[in-house]
Amino acid sequence: MLGVRHEDFLIFTLVLILLLVSHTKCYLIDVTGDAFGDQSDGFLAAFGDFNSDKKTDLFVITGNGQNLTLLSAKKGGVFGKHVLIKSNSSSTDIITGVMPADFDGDSQMDVLVVKRPSGKNVSPVTVEIHWGDTSSSFALDNKPTVLPDKFVDQPLLLDANGDLMPDLFGETAPGNRSYWLSSANRTIIRREVENGTSPAQLPPLHFPHSSAFVDLNQDLTPDLLVVSEDKDGAVQFERWIISKGNLTWNQTIPMVIPPKGGAWKHVGQVSFVDLNHDQEYNLIVPVCADEDCQESFIYVYTQNKWIKLDVNFLSDLTKTTWGFVPPANNPMADLLTLPISLRVADYTMDGYPDLIVTLQDSKNISSVARPYIFINTPCSTCESFKRNFVIAWDAEDYAKSEPLLVATFFDYEENGNLDMILVSYIESTKQPHLRLLKAVSTDDLCFLKVMVLSGLCNGKCPHGTESYGVNLPGPTTWYHTMTSAGDPQMSTATQLYQSTHFSLQTPYTIIGLGRTPNFVEQFQVGIQRPENMEESLEKTWTYIVPNSQLIVIPTPQTNPSSWKYKLFMTPSELVLLTGASLLGTCGFISIIVGILHWRERVADKKEKLQESQRFHFDAM
C-alpha cells in the first residue's frame, strides 16, 4: 500500500495557495461605455448619495454650464441620468460650483449651486439652494432659495454653529467675511465673522481660495483654515481654532518665499493629509515660480516650518520635464475656474495618502495635459521630512490625446478599490467628456471605508426617508492598528473638508491598511460641537473588522456614548482565494485517497483469491 505523508500535503497546500494569491501589477481599464453609455458628456462637479441608497452618485454640469444632471449609481456599475436643474431660456447665468448637502436637516439631500453671468469668469457670484423634493427620489423642488448677498468667491461648506446642518463661509462683494447659517425652516441667516483675537482688519480672501474645515490641533474637532492675502497680495493661511464651540483666530502663517525670491505666480489649492503617520495634518501646497509652471514645486508645512519636497518632475520614460497646468491653459477658462489641485487618496492602500495631479510638458504650454499618480514613499535621503512623492510615469499608458481638465479618485463599485474619473475636453464638440477607469489588481489589500452622516431625524424622517442622514463636512477620523510585522500603524483624516472650485472630495474616507488583515484596534470619530460647548464630541470603537464599510450615525449629537454605526463587510479576495484553494486541496486529497482505497481493494481481492487457491494441510 502506498503512503502519503502529512508533510507532503501541507507543502502542496501552501504552494497552491501561494500560486492562487500571487500578486500582479495593478492596471486600469476603460469602462466608460459600460458605466455611462451615451451619457458621458459633461463636467464632473461633485459626489453625493442623492437618493440614500448607499451608492455614490455623480453631479455633472451640462448644457454649456446651464444645466445640472445627476448620474445615479445603480446595480451592476451602471449609471442612470436625471436632470436636476434646467436653466430657463431667458437666463444667461452658468453654474460654476455644486455642493450637495442637507441644509434643512430633513435627511433629504439638497443642492447648492454657484452661478455667475456667462462670459465673465470673475466675481461676484450668486448662490442658490435647491431643496430636496421628498416626494420624488430624483428631483428638486422648483422653489430654490436665492441668497441676497453677492459673493466675491465660492463659499465653503462648514458647520459654524455645531447643529449638524451645513453652513457657509465666504466674503461678500463689499469685502465682509460672514457665515450663512442654515436652519430647519429653510431660512438662511447671515452673521458677520467676529474678529476675536485676530487683527482689527480682516484681510481679503485669496482668489480662488481653498479654505478648509479641518482639524488643525489634533483634538478630533474640525477648525477653519482661511486662505487670504496680506497687504502686498501674497498668500497667507489663517488658523481659526474651535474654542468653547466658537471659531477663534489663532495664528497667521505666511506662504514661503520662492527659492529665487519675488512672488509665486500661481498658488494652487491647499490639501490636508497626514503624510507620515504622525497624527498631524500636513498642509501641502502646489506652486509655480513662473507663469507657464516650468518651475513647479510642492511645499509641505509641518512642525511650524515650510519644507520643499524633492519631487522629480523629469519622466524617466520620455525624458520630459513636466509641470503643473497653469489655470489660463484650461480650454474652458471662460466658463470654469480650475486652480492647480492635488487630489488626495490612498491609491496604493498602504496607509499613506497619495495624490493624483494633472501635468503637462513644462517646455510646451500647448501640450496635452495628462493625469499622474504621485505615490507617497519613504525618503532616506531627505533631511527634514522622511516622506516624498514619486511620480508613476506609466500614466501615459491610459492617457489620450484630448486635453485633460480634471482627474480624481472614485470608488466605482463600492468595494474599497480606488478607481479614476477623468474629465477631458473634446475639441470637435467644444464640450467636456467623462472617462471612467476601473482599477484591476490581484493585490489583496485591506481597507476601511468610513462615512459619517448627520442622522438628524433619528428614525422619524418625513416621507419614509432613510434615517441614516446625509454626509457632513468636517468629521475627523483616527485609527490605530498593527501591521503584519508588529509595528503600530495610525493616521487621521477628515471627511469633506473642502468644497470650492471642484475639489471633488468623496462623501467617504477610505483608509488603506496594506496587507494586514488584522482588526483595527481603535477607531475614533469626532464631530463639531454646539456653540459654547467646551468638551469635544468623540467616540472610540475597538476591534473593527477590516475590509468593511463603516457608517457612523452621531445621534444624539451631545451624547457620544449613544452613537451607533452600521458595518457592511466586503469579503476579502484573499478569503475567497484561500477558500477555493482549500476546496481544491480537499478535492485533490479525496482523489488520492480514492485511488489508494481502490488500489487497496484490488490488492485485498487478489490476496483473497490467492488464499482460496492455497492447499491447506489442516484439512488432511
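Residues numbered from 1 in each chain as written. Predicted model: local features only at pLDDT ≥ 70, side-chain atom pairs only at ≥ 80, totals over all residues. Heavy atoms only, no water.

Asks: Before we go on, may I ask you to explain the overall build of the chain in this structure?
Replies: Helix and strand counts for the chain come out as 3 helices and 38 strands. For the chain, with 620 residues in total, the buried portion stands at 56%. Across the chain, contacts joining residues at least 24 apart in sequence account for 55% of those joining residues at least 6 apart. Counting only carbon and sulfur atoms, one obtains 53% of the accessible surface of the chain, whose full area is about 27,200 Å². (Helix = DSSP H or I, 4+ residues; strand = E, 2+ residues; numbered from the N terminus. Buried < 20%, exposed > 50% of the residue type's maximum accessible area, 1.4 Å probe, protein only. Contact = heavy atoms within 4.5 Å. Areas by Shrake-Rupley, 256 points an atom, 1.4 Å probe, with all protein chains shown as cover.)

Asks: What am I meant to see in the sheet that holds strand β8 (residues 126-130) here?
Replies: The strands that make up a sheet pair up through hydrogen bonds in the backbone, lying either parallel or antiparallel. With respect to topology, 4 strands assemble into an open sheet ordered β6-β7-β8-β9, the strand pairing being antiparallel. Taken across any chain shown, the strands that pair with only one partner, and hence form the sheet edges, are β6 (93-101) and β9 (145-146). (Pairing = 2+ DSSP bridges.)

Asks: Can you walk me through the packing of aromatic side chains in this structure?
Replies: For any pair of aromatic rings, geometry is given as the distance between the ring centres together with the angle between the planes. On inspection of all chains with the given rule, the structure shows 20 aromatic pairs. Measuring from centroid to centroid gives 5.1 Å for Tyr372 and Trp393, while their planes differ by 65°, and the two rings are edge-to-face. Taken as a pair, Tyr372 in strand β26 (residues 370-378) and Trp393 in the loop between β27 (387-392) and β28 (404-410) lie far apart in primary sequence, 21 residues in all. Pairwise contacts between aromatic rings join Phe36, Phe79 and Tyr412 into one cluster. The residue whose ring lies beneath Arg387 is Tyr352, and the NZ or CZ to ring-centre distance is 3.6 Å. (Phe/Tyr/Trp six-rings, centres within 6.5 Å; stacked < 30°, edge-to-face > 60°. Lys NZ or Arg CZ within 6 Å of the ring centre and 35° of its normal.)

Asks: I'm lost on the state of the cysteines in this one. Help?
Replies: Covalently bonding the sulfur atom of one cysteine to the sulfur atom of another cysteine gives a disulfide. Evaluated as defined, the whole model comprises 1 disulfide. One disulfide in the model links Cys288 with Cys293; its S-S distance is 2.0 Å. Between Cys288 and Cys293, the S-S torsion sits near 100°, and that sign places the bridge as right-handed. Each member of the pair, Cys288 as well as Cys293, is classed as buried. (Disulfide = S-S within 2.5 Å.)

Asks: Where do I start with the nonpolar core in this structure?
Replies: Burial of nonpolar side chains together is a common tendency in soluble globular proteins. In terms of nonpolar packing, the biggest core is built from 66 residues, with Phe43, Leu58, Phe59, Leu68, Phe79, Val98 and Phe410 touching the most fellow members. With 6 residues, the single largest contributor to this core is β28. Among all residues touching Leu68, those that are not within four sequence positions of it are Phe59, Val60, Ile61, Thr62, His82, Val83, Leu84, Ile85, Ile95, Val98, Val111 and Val113. (Core = buried A, V, L, I, M, F, W, Y, C linked by side-chain atoms within 4.5 Å.)

Asks: Hey, could you run me through the layout of surface pockets in this one?
Replies: In this approach a probe as big as a water molecule rolls over the atoms, and the regions it shows empty are the leftover space. For the second largest pocket, the calculated volume is near 480 Å³. His206, Gly233, Val235, Trp264 and Val267 are the residues nearest the centre of the second largest pocket, which is lined by 24 residues in total. Looking at the lining of the second largest pocket residue by residue, the class counts come to 15 nonpolar, 6 polar and 3 charged. (1 Å grid on protein atoms, 1.4 Å probe; cavity = no way out; pocket = protein on both sides within 12 Å on 5 of 7 lines; lining within 4 Å. Points joined across faces, edges and corners; volume = space filled by probe spheres on them. Nonpolar A, V, L, I, M, F, W, Y, C, P; charged D, E, K, R; others polar.)

Asks: Before we go on, may I ask you to explain empty space enclosed by the protein in this structure?
Replies: Using the criterion set out here, one finds 8 cavities of 30 Å³ or more in the structure. Taken as a whole, the largest cavity holds about 640 Å³ of empty space. Residue lining of the largest cavity: 38 residues in total, with Val344, Ala345, Ala493, Thr494 and Thr509 positioned closest to the centre. Within the residue set of the lining of the largest cavity, elements represented by two or more residues are β19 (271-273), β24 (343-345), β28, β32 (476-482), β33 (488-494) and β34 (509-514). Split by residue class, the lining of the largest cavity holds 19 nonpolar, 16 polar and 3 charged. Volume-wise, the second largest cavity comes out at about 210 Å³. Looking at the lining of the second largest cavity, the elements that each hand over two or more residues are β2 (43-48) and β6. Sorting elements by how many residues they give to the lining of the second largest cavity places β6 first, with 5 residues. For the lining of the second largest cavity, the class distribution of residues is 11 nonpolar, 10 polar and no charged.

Asks: What's the story with unusual backbone geometry in this structure? I'm lost.
Replies: Leaving glycine out, the prevailing phi sign among residues is negative, and the prevailing peptide bond configuration is trans. For the bond running from Phe207 to Pro208, omega is -10°, close enough to zero to count as cis. When you line up the elements, Pro208 lands in the loop between β13 (189-192) and β14 (212-214). Between Thr555 and the following residue, Pro556, the backbone shows a cis peptide bond with an omega angle of -10°. Tracing the backbone shows Pro556 in the loop between β37 (548-553) and β38 (564-569).

Asks: How do you make sense of the sheet that holds strand β17 (residues 246-254) when you look at a structure like this?
Replies: Taken in spatial order, the 4 strands line up as β14-β15-β16-β17 in an open sheet, and their pairing is antiparallel. Only two strands of the sheet have a single partner each, and these edge strands are β14 and β17. On average, adjacent strands in this sheet sit at an angle of 25° to one another, irrespective of strand direction. Judged from the 3 bridges that link them, β14 and strand β15 (residues 223-229) form a sheet pairing that is antiparallel. In the sheet register, Phe213 faces β15, and the bridge partner there is Leu224. (Axes fitted to C-alpha atoms, helices over the stretch in contact; angles between N-to-C directions.)

Asks: I would appreciate a short explanation of the pattern of salt bridges in the present structure.
Replies: Any two side chains of opposite charge can pair if their charged atoms end up close together. Summed over the entire model, instances satisfying the criterion amount to 15 salt bridges. Its salt-bridge partner being Glu238, residue Arg177 comes within 2.6 Å of it at the nearest N-O pair. With a gap of 61 residues between them, Arg177 in strand β12 (residues 177-181) and Glu238 in strand β16 (residues 235-243) connect regions that are remote in the sequence. The class of Glu238 is buried, set by a relative accessible area of 2%. Taking the shortest distance from any N to any O, the salt bridge between Lys449 and Asp411 comes out at 2.8 Å. Residue Lys449 is located in strand β31 (residues 446-452), and its partner Asp411 is located in the loop between β28 and β29 (419-426); the two are separated by 38 residues in the primary sequence. Neither Lys449 nor Asp411 differs from the other in exposure class; each is buried. In the salt-bridge network here, residues are joined through shared partners; they are Asp104, Asp106, Asp141 and Arg186. (Salt bridge = Lys/Arg side-chain N within 4 Å of Asp/Glu carboxyl O.)

Asks: Help me understand the pairing of strand β4 (residues 67-73) in this model?
Replies: Residues in a regular strand point their side chains to alternate faces of the sheet. Within β4, 7 of the 7 residues are buried, which leaves the element mostly enclosed by the surrounding structure. Both faces of β4 are covered, namely the face carrying Asn67, Thr69, Leu71 and Ala73 and the face carrying Leu68, Leu70 and Ser72. Connecting strand β3 (residues 57-62) to the antiparallel partner β4 that follows it, the hairpin turn spans 4 residues, and Gly63 within it adopts a positive phi of roughly 60°. Sheet analysis places β4 next to strand β5 (residues 79-85), joined by 6 bridges and oriented antiparallel. Bridge assignment links Leu71 to a residue of β5, and that residue is Lys81. Counted between consecutive antiparallel strands, the loop separating β4 from β5 contains 5 residues, among which Gly76 sits at a positive phi close to 80°.

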